[in-house]
Every structure is written in structure tokens, then in C-alpha cells.
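For reference, the chains in residue letters:
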Amino acid sequence: MGFFSWLFPSESDRVAKGQALMARGAWADARLEVLDIASGEARAIVEAAEEKLALQNLEAAISWATAGDDERIQVHLDLAKQFKKPGMDDAFRDNLKQIRDIRAGQSAEDAVRKQEKAERMNTVDPFGLSGSTALLTPPPGMDMTEEEHVVLEARVGLLIENYPDALRDSVGELDADFAQAVLALEDGNAADALQGLLAQPDNHALVCWERARAAQALGDPLAAARSLRRFADLAGGHHTIGRAHTGVLLAQLTAESGDVPEALRILRDVRSKDANLGTGLFAALLEATDELEDAETVLLAALKIHPKALPFYSLLARVRLKGGHRVAAMTALERAMDQCACGTGKCGSVPMDAGIVRTLATLYFEDGMEPERAHELAGQAAGLVQKPGFEDAYLSALAGRARQDPGVEPLVQQLHTAVVGDDPRRSLLDRHLPLAS
């Protein structure tokens, strides 16, 4: 495959790749490969892939029902609904029935625990709901089927259970409009959700938390950070909510707003209470403030606990590169490659990361090291990337120059033309890919 054919594949090339991915059972990758192509072949791939993804997520929901994980059940049900195709109603009905049967057949101990939770929820009765099968009152004029009621009841229950114990009972101070706003947020309607949340009491911690989430979804980190600070004031500090920690999120939003030192101060305070919180963000903030030795120490400790966490290896390599330790950076990236040795993502190891492969190949070419390994990695990177960009073209040009292939010179010229002004990539090109004389 030539430089330009992999860098700028034709629609027929992408359809062929999509078909190959379908044959391997990589439904999500196949769908993404051809999603923006209008041809009949591409549409057929998308339709077939989405049907497979819907069924796959229905199966996953049943699996998580067996494990008793309601949150993951809902995640997969939502994904299945997203990919649902005409004619799949029976499959969805059967799925919900199986989930209900699994729940009904759980152990007596688990049933008692769930009953205690239900009794506590019914005592709180947060949205004007009552009874063991209490349902969220739908908006006026909306008729709901029994199936929709079951799903809605589960969503409201998960919403309440996600809140920390110290704040859960305070949901009883709110009304059904709060629930509708939060469910709108969960459905991706952040603007509508924020309007509903603004009508809720300003002095309620959970309202501030949900406002922060809505503001973040709308791309307003300053407003989101303000709401999180108010949340912490009202809630007596920061809390874990679902998979998020409000203090870590506040640090992230503060950094996104441009105040990295303050973000680092916030996160240091959070980690003084629990050193396991926000590790990746903490290391990234240390790197951003040039505290490179501390960043490396944090990352090495994290990798002892999470040896398969590829983002930690990527960040460690970046920290070492910033400190001028290029060989050590290559070592970190090679260790990352060891975690995804099979390269398929189906053998229980970690799937390949295109950025890691590309960066490692680039470093080898730039430093004139391990030429065979460099070319091998460049080929892998080309096969992993979905939409090639500057870094991919740069790697392709490095590989061509290393092979002394004159056909690469037009690509080198294009790279120089694309970089203007004081773009830092200019010095990179001048150093490693100077124009042919």
C-alpha cells in the first residue's frame, strides 16, 4: 500500500476494510469505518453492524443482570436502544423479561437487601412515588407502555442509588421536575436539563451537582466549576457520585478553564484524603507545571497497581520526553506494547493503542534506532488509525525517507506547506524531514 493510499483511502478501500472488520466480528470498528459514506455497500455495513451491536448489548445487559449490576444493565440497554433496528421489538421484550426473571430468581439474601433499599426509597418517596413498584409520573399528556414504565422506574432507581449515602435522603426535598431534568441530561439534552435545574432550589447540593454536569456537557467549564464549589459548600465537602468524584472533576474543570496551578492545589487537597483519586489527572497537572520528577514518581507507582493502564504509559513517555529522556520514553512505550501483545483485543489482553504505536515508531525513526522495529510499528500504526492526520503523515514520511524512497518527497513537501508561522512543528520538520535540496 502506498503512502497516499493509506493516508487518504478511497471510499472503496474503506468499504473493503469495513467488510473485513465485519468478518472478524469487529462491529463497532466496521460501523465507524464507513459511517460517513453514502454508498449502498456502506449503508449495508452500518445497518448490519448496528443490528449486531444492539444484540451484543442486549446480551451484555443480561450478563450484568446475572452479576447484579443495575448501572451496567442500564448502560447496555441504552446502547442497545441506540442501535435498535426495525423488527427487533421481540428481542427487546425478551431481554427485559429475562432481566426481570433473573432479578426475581436472585438469592434470598440479595432479595432482602433489595427490599431494604426499596423500603428506604419508598420512605423517602423523592418524586411523589409510592409502593414497591412506584413509577416516576410521566409528563402531562404522555402515554407510556408497561415496558416504558419498567425502564423508567429502573432509571429513577439508579439515579437515586448513584447518590452518596450522606445525600440520598435529601432527594425527598425535590420534586418530579428534578427527576425529569436529570433524565433529560442522561439522554443528552443538556440545554433542556439545565433549564429545568435552574428552576430548582439554589441551596440544594444535588441540584448544584446536576447543574455542574449540565454545564460541563454544554462546554462551560467555568459555570460547571462554580456549581461544584457550591456543591462542596452545601454537602460538607466533596463526594464520590457514581463513577465520578466531585473534587477530581472540579480540578479537571479548573484546569480546562486555564488555571492549572489552582487545579493542582485542589487535587492535592483531594488526594490528601485519598491518594488513589485522580492519579492520571494529577500526573498530567504535574507535567504541565514542569514538576517532572514528581509526575514520574506518581506514574511509576500507579503502574505497579495498574500495569495494563495504557494511558499511564503514554503519559510517562510524554513526561520523559519533556525531560529530554528519549530512550527512557521508548522503554515506557515498549512496556505498553507488551500489554497488548496479541494485537486483536479478543485474547484478554489490552487492545492496541494507535497513539502509542505511532509515537514509538516516530521516536525510533527520529533517533535512527531499531530500523526493522520502526518499520514494523509504522505498518501497525497505519492499520490502526481511522482518520489519518499530521502525525500519521509525518510518520509515513519518516518511514519513506528511511527507505530512501523518492516517492515520499511530495508528502514531505505537503507537510512543510501545511506548517506556517511559528508552529512548533516547523522545527521538527526542519530537524528530521528537511526539504530535499
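Residues numbered from 1 in each chain as written. Predicted model: local features only at pLDDT ≥ 70, side-chain atom pairs only at ≥ 80, totals over all residues. Heavy atoms only, no water.

1. Examining the overall build of the chain
- Across its full length, the chain holds 24 helices and 2 strands.
- Looking at the chain as a whole, 41% of its 437 residues qualify as buried.
- Here the contacts in the chain between residues at least 6 apart in sequence split such that 53% fall between residues at least 24 apart.
- On the chain, roughly 22600 Å² of surface is accessible, and the fraction owed to carbon and sulfur atoms is 52%. (Helix = DSSP H or I, 4+ residues; strand = E, 2+ residues; numbered from the N terminus. Buried < 20%, exposed > 50% of the residue type's maximum accessible area, 1.4 Å probe, protein only. Contact = heavy atoms within 4.5 Å. Areas by Shrake-Rupley, 256 points an atom, 1.4 Å probe, with all protein chains shown as cover.)

2. A short note on the packing of aromatic side chains
- Tallying each qualifying case throughout the model produces 2 aromatic pairs.
- Taking the centre distance of 6.4 Å and the plane angle of 55 degrees together, the rings of tryptophan 209 and phenylalanine 231 count as tilted. Here the residue tryptophan 209 occupies a position in helix H12 (residues 205-217), and phenylalanine 231 occupies one in helix H13 (residues 221-235), the gap between them amounting to 22 residues.
- In this structure tryptophan 209 comes out as buried when scored by relative accessible area, which is 4%. (Phe/Tyr/Trp six-rings, centres within 6.5 Å; stacked < 30°, edge-to-face > 60°.)

3. Details of the side chain of arginine 31
- Structurally, arginine 31 is set in helix H3 (residues 27-34).
- Side chain to side chain, arginine 31 and glutamate 50 meet in a polar contact 2.8 Å long.
- Arginine 31 has contacts with Val46, Ala49, Glu50, Leu53 and Phe83, leaving out every residue within four places of it along the chain. (Polar contact = N/O pair within 3.5 Å; in protein donor to acceptor, adjacent residues only side chain to side chain.)

4. Focus: the pattern of salt bridges
- Counted under the stated rule, the structure contains 26 salt bridges.
- Glutamate 33 is the partner of arginine 14 in a salt bridge, and the nearest nitrogen-oxygen pair spans 3.6 Å. Taken together, the residues span a long stretch of sequence, with arginine 14 in helix H2 (residues 11-23) and glutamate 33 in helix H3 at a distance of 19 residues. As far as the burial class goes, arginine 14 and glutamate 33 line up, both buried. (Salt bridge = Lys/Arg side-chain N within 4 Å of Asp/Glu carboxyl O.)

5. Comments concerning the confidence of the model for the chain
- The predicted model of the chain averages 83 in pLDDT, with 83% of residues at 70 or higher.
- For residues 120-136, every residue scores under 50 in pLDDT, and the model assigns this stretch 42 contacts once sequence neighbours within four places are set aside.
- Per-residue pLDDT stays below 50 along residues 342-348; that stretch engages in 7 contacts with residues further than four places along the chain or on separate chains. (pLDDT = per-residue confidence, 0-100.)

6. Structural notes on the packing of helix H10 (residues 176-186) against helix H11 (residues 190-198)
- Two elements in contact, H10 and H11, have axes separated by 7 Å at closest approach and are oriented at 160 degrees. As judged from the angle between their axes, H10 and H11 are roughly antiparallel. Crossing angle aside, the handedness with which H10 passes H11 is left-handed. Between H10, through Phe178, Ala181, Val182, Ala184 and Leu185, and H11, the contact on the second element is made entirely by Ala190, Ala193, Gly196 and Leu197.
- Here the contact of H10 with H11 is composed, by residue class, of 8 nonpolar, 1 polar and no charged. (Axes fitted to C-alpha atoms, helices over the stretch in contact; angles between N-to-C directions. Parallel < 35°, antiparallel > 145°, perpendicular 65-115°, else oblique. Left-handed = near helix turned anticlockwise from the far one by under 90°. Nonpolar A, V, L, I, M, F, W, Y, C, P; charged D, E, K, R; others polar.)

7. With respect to helix H18 (residues 310-322)
- Given a rise of 1.5 Å per residue, 13 residues ought to cover 18 Å, and the 19 Å separating the end C-alpha atoms of H18 matches this to within 8%.
- Every buried residue of H18 is accounted for by Leu310, Phe312, Tyr313, Leu315, Leu316, Ala317, Val319 and Arg320.
- Summarising the contacts, the buried residues of H18 are in contact with helix H16 (279-288), helix H17 (292-305), helix H19 (326-338) and helix H20 (354-367).
- Positioned one or two residues after H18, glycine 324 has a phi angle of 85 degrees, which is positive. (Expected span 1.5 Å × (residues − 1).)

8. What to know about the packing of H20 against helix H22 (residues 390-402)
- Relative to each other, H20 and H22 sit at 40 degrees, their axes nearing to 10 Å. Between H20 and H22 lies a crossing whose hand is left-handed. Of the residues in H22, those in contact with Arg358, Ala361, Thr362, Phe365 and Glu366 of H20 are Glu391, Asp392, Tyr394, Leu395, Leu398, Ala399 and Ala402.
- Residues that form the contact of H20 with H22 fall into these classes: 7 nonpolar, 1 polar and 4 charged.

9. Details of unusual backbone geometry
- If you check the backbone angles, aspartate 290 has positive phi at about 65 degrees while not being a glycine.
- Of note, aspartate 290 is situated in the loop between H16 and H17.
- You can call aspartate 290 exposed: its relative accessible area is 52%.
- A positive phi is found at glutamate 370, a non-glycine position, where the angle reads about 45 degrees.
- By secondary structure assignment, the location of glutamate 370 is in the loop between H20 and helix H21 (371-384).

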